[in-house]
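What follows is the residue order along each chain.
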Amino acid sequence: MREQVFVNRVVSSELSCKTQTAMRERVFANRVVSSELSCKTQTAMREQVFANRVLSSELSCKTQTAMREQVFANRVLSSELSCKTQTANERTKSVRERVREQSVKQ
């Protein structure tokens, strides 16, 4: 009986050792898979962040270009209005001078 108990304990110990080894291997495999998924997720997130920055940069560039074009258009319009105002002022001045000349002649 003692021998049987000893054999049972040895067998039990071997089974326990194999079970523990299998569990450790499974935990390691899960960690590797988890690490790979984490790496892929992080890579995908970095790629998305980069894509967002590129898109943001392109939009910013287009916005800046549109703003510059608007500023230029406003300056041209302002210049045209200023020119028309000056022309109108010159005409008004010319009319006033003629009126003065006529009133002096009379």
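In the block above lies the structure referred to throughout.
All values derive from a computational prediction rather than experimental measurement. (Residues numbered from 1 in each chain as written. Predicted model: local features only at pLDDT ≥ 70, side-chain atom pairs only at ≥ 80, totals over all residues. Heavy atoms only, no water.)

### Notes on the overall build of the protein chain
Item 1. Within the protein chain, the regular secondary structure consists of 1 helix and 0 strands.
Item 2. Relative to the 2.2 N^0.38 estimate, which gives 13 Å for 106 residues, the radius of gyration of the protein chain is 45 Å and therefore markedly larger than a compact globule would have.
Item 3. With the C-alpha coordinates of the protein chain rotated into their principal frame, the extents come out at 150 × 15 × 5 Å.
Item 4. Burial statistics for the protein chain: of 106 residues in total, 0% are counted as buried. (Helix = DSSP H or I, 4+ residues; strand = E, 2+ residues; numbered from the N terminus. Rg over C-alpha atoms; globule rule 2.2 N^0.38 Å. Buried < 20%, exposed > 50% of the residue type's maximum accessible area, 1.4 Å probe, protein only.)

### Here we look at a nonpolar patch on the surface
Item 1. There is a patch of nonpolar side chains on the surface, built from Phe6, Val7, Val10, Val11 and Leu15 and spanning about 430 Å² of accessible area.
Item 2. Among the residues examined, Val7 registers a relative accessible area of 41% and is labelled partly exposed. (Patch = residues over 30% accessible without salt bridge, like charges linked within 9 Å, V, L, I, M, F, W, Y side chains within 5 Å. Areas by Shrake-Rupley, 256 points an atom, 1.4 Å probe, with all protein chains shown as cover. Salt bridge = Lys/Arg side-chain N within 4 Å of Asp/Glu carboxyl O.)

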